[in-house]
Amino acid sequence: MAENYLPILVIFVLAAGFAFVSLIITHLVGPRVTNAVKMMPYESGVDQVGKTRIRFSIRFFLIALLFIIFDIEIVFLYPWAVVFKDFLSAGSFIFFEMVVFLAILAFGFIYVWRNGALEWE
Amino acid sequence: MDLLGFIIILVKVLVVFAATMITVMGMIYAERRVSAFMQGRLGPNRVGPKGLLQPIADGIKFFMKEDLIPSGADKPIFILAPAILLIPALMTFAVIPFGSSITIFGREIALQVADVNVGILYILALTSIGVYGIVLAGWSSNSKYSLLGGLRSSAQLISYELAMGLAVVSIILLAGSLRLNDIIADQQGYFLSWNVFKQPLAFIIFLVAVYAETNRLPFDLTEAEQELVGGYHTEYSSLKFAMFFLAEYANMITAAALTVTLFFGGWDVPLLDESSLGLLGAILSVLSFILKMAFFLFLFIWVRWTFPRFRYDQLMRLGWKVLLPLALVNIFLTGGYLTLTAMK
């Protein structure tokens, strides 16, 4: 069983090696002429105005929170989907079980929707 | 695990890695050339025959460029971010079967790097790691454009990951397995048994989500050049920029391959039993996989010059208010259908 994962380890070593060799090469090759103005972050050719790490819209945070809820839902759905056909022979309980689960989530989804958490205007 | 087995693994890994790199180069060339033809231009045609060596010239040029780290940047994160994005992008292809199997030295070799029983989970997990690369690149650059690009991108990627994950659930319901080989076996035979005909709604949701996940037009808001300069990689130069580029194209290749595997029978040749033909069958299966994949790669370019870019609120509305409920309904319908047919 673990043997199946050996190729993944091999390809990880290869990909990581490629990435880090590229990172090292780019530090060694190429010209290097620096001055303070050149190193300034790009801001359409003018000096930087204010700090960069400013506060950002709460909506991004909300989206991240909602993502976690629905992602966990998907995590529950995957094992259910895998065994679905095997359990069908024992009756339709497995289907209605998930209908109840999805209904609870759909209720939460409608609540979020109606409260305007998905609006971007 | 004997020595020969390990050598076979090494060869397979190297072949897939090289094939990915060559496809990336071909895709970069095709992108510029096809785009040019669609706009009535010629595109790059000076370096090598028909400009075929242009990607190599671009690569060498990246080597010769100055590697800039902006002042105020979070140095370790700024340097590591491209690697965090690139490594998973190069690894995802490992679980995708690109052909049936061949027999050499009396042992059967599956044309797939790693046959794991959680194939789909592996792909979804690795694509999620890529989000870290983007958000860290945007945050560490100390540039406002990068920060905005990184934020937008991460919100977009996680939103469409939901729709994509849910669309795949209905495929798993049909196949009863997360293994990509089982999903292909489930679609074998007559080409009407391909999932695209059984699950058209899931296919449309998945395809739209894939364009958002790979940051392609009409969803390329992360690097919307008219407003965000370059998005999360505004401050990157030299090979680090090339790594972002490489990761983006590697992701497109994996996305095309995954679409083919999940919805178009993978390496299945329509109306043909590959296992009865031996080596010829294996070659045909690989060719069929490459052809299907090439079509979806072309579709990426085609769509790019056909649709205008979405606005950010439209993007979020489509993801959360259209695709997500549709995917849930699709799971309900698929499960209900399977239950009804089993009850009879």
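Please read these numbers as outputs of a predicted model, since none were measured by experiment.

The rules we used
Residues numbered from 1 in each chain as written. Chains lettered and ligands numbered in written order. Predicted model: local features only at pLDDT ≥ 70, side-chain atom pairs only at ≥ 80, totals over all residues. Heavy atoms only, no water. Helix = DSSP H or I, 4+ residues; strand = E, 2+ residues; numbered from the N terminus. Buried < 20%, exposed > 50% of the residue type's maximum accessible area, 1.4 Å probe, protein only. Contact = heavy atoms within 4.5 Å. Lys, Arg positive; Asp, Glu negative; His and termini not counted. Charge placed at Lys NZ, Arg CZ, Asp CG, Glu CD. Core = buried A, V, L, I, M, F, W, Y, C linked by side-chain atoms within 4.5 Å. Domains from an automatic or database assignment. Salt bridge = Lys/Arg side-chain N within 4 Å of Asp/Glu carboxyl O. Buried area = accessible area lost by both parts, 1.4 Å probe. Phe/Tyr/Trp six-rings, centres within 6.5 Å; stacked < 30°, edge-to-face > 60°. Axes fitted to C-alpha atoms, helices over the stretch in contact; angles between N-to-C directions. Parallel < 35°, antiparallel > 145°, perpendicular 65-115°, else oblique. Left-handed = near helix turned anticlockwise from the far one by under 90°. Patch = residues over 30% accessible without salt bridge, like charges linked within 9 Å, V, L, I, M, F, W, Y side chains within 5 Å. Areas by Shrake-Rupley, 256 points an atom, 1.4 Å probe, with all protein chains shown as cover.

**Topic: the overall build of chain B**
Moving on, step 1. A count of helices and strands for chain B gives 12 helices and 2 strands.
Moving on, step 2. For chain B, the α and β elements follow one another from N to C terminus as α-α-α-β-β-α-α-α-α-α-α-α-α-α.
Moving on, step 3. When the backbone C-alpha atoms are referred to their principal axes, chain B occupies close to 65 × 50 × 45 Å.
Moving on, step 4. Scored against the burial criterion, the 344 residues of chain B give a buried share of 60%.
Moving on, step 5. Taking contacts inside chain B between residues at least 6 apart in sequence as the whole, the part at least 24 apart equals 78%.
Moving on, step 6. Computed over 23 positive and 22 negative side-chain charges, the separation of the two mean positions in chain B equals 7 Å.

**Topic: the nonpolar core**
Moving on, step 1. B:Ile120, B:Leu262 and B:Trp320 are the most contacted members of the largest nonpolar core, which has 142 residues in total.
Moving on, step 2. Among the elements that make up this core, the one with the highest residue count is helix α5 (residues 144-175) of chain B (17 residues).
Moving on, step 3. When residues of this core are assigned to domains, at least three fall in each of domain 1 (2-47) and domain 2 (58-114) of chain A.
Moving on, step 4. Dropping the residues within four chain positions of it, B:Trp320 is found in contact with A:Ile63, A:Leu66, A:Phe67, A:Phe70, A:Phe109, A:Leu118, B:Ser159, B:Leu162 and B:Pro325.

**Structural notes on the pattern of salt bridges**
Residues and elements named next belong to chain B.
Moving on, step 1. Across all of its chains, the model carries 10 salt bridges over all chains by this definition.
Moving on, step 2. Arg311 is paired through a salt bridge with Asp313; the nearest N and O atoms lie 3.0 Å apart.
Moving on, step 3. Using a relative accessible area of 11% as the deciding quantity, one classes Asp313 as buried.
Moving on, step 4. Salt bridges linked by common partners bring Glu31, Arg216 and Arg304 together as one network.

**As for the interface of chain A and chain B**
It is common to give the size of an interface as the accessible area that goes away when the parts come together.
Moving on, step 1. Taken residue by residue, the interface counts 70 residues in chain A and 88 residues in chain B.
Moving on, step 2. When the buried surface of chain A facing chain B is broken down by residue, A:Ile11, A:Arg53 and A:Tyr78 rank first, second and third, together holding 11% of it.
Moving on, step 3. For the interface between chain A and chain B, the tally reads 1 salt bridge.
Moving on, step 4. In this structure, A:Glu119 engages B:Lys321 in a salt bridge whose closest nitrogen and oxygen atoms are separated by 2.6 Å.

**A short note on the packing of aromatic side chains**
Residue and element names in this part refer to chain B.
Moving on, step 1. Under the definition given, this model contains 27 aromatic pairs over all chains.
Moving on, step 2. Ring plane angle 40 degrees and centroid distance 5.7 Å describe the contact between Phe298 and Trp302, whose orientation is recorded as tilted. Within this pair, Phe298 and its partner Trp302 are both found in helix α11 (residues 279-304), separated by 4 residues, close to a single helical turn.
Moving on, step 3. The rings of Trp194, Phe203, Phe206, Phe263, Phe264, Phe295 and Phe296 are connected pair by pair, giving a single aromatic cluster.

**Concerning the packing of helix α8 (residues 200-213) of chain B against α11(B)**
Residue and element names in this part refer to chain B.
Moving on, step 1. Two elements in contact, α8 and α11, have axes whose closest approach is 12 Å; the angle formed by their N-to-C orientations is 65 degrees. Taken as axis vectors, α8 and α11 run roughly perpendicular relative to one another. At the point where α8 passes α11, the crossing takes the right-handed sense. Where α8 abuts α11, its residues Phe203, Leu207, Val210 and Tyr211 lie against Phe296, Leu299, Phe300 and Val303.

**Some details on a nonpolar patch on the surface**
Moving on, step 1. Residues B:Leu272, B:Leu277, B:Leu279, B:Leu280, B:Ile283, B:Leu284 and B:Leu287 make up a contiguous nonpolar surface patch of roughly 580 Å² in combined accessible area.
Moving on, step 2. Here B:Leu287 lies in helix α11.

**Remarks on the domain arrangement of chain A**
Moving on, step 1. Entries for chain A in the domain assignment read domain 1 (2-47) and domain 2 (58-114).
Moving on, step 2. Using only C-alpha atoms to locate each centre, domain 1 of chain A and domain 2 of chain A end up separated by 39 Å.

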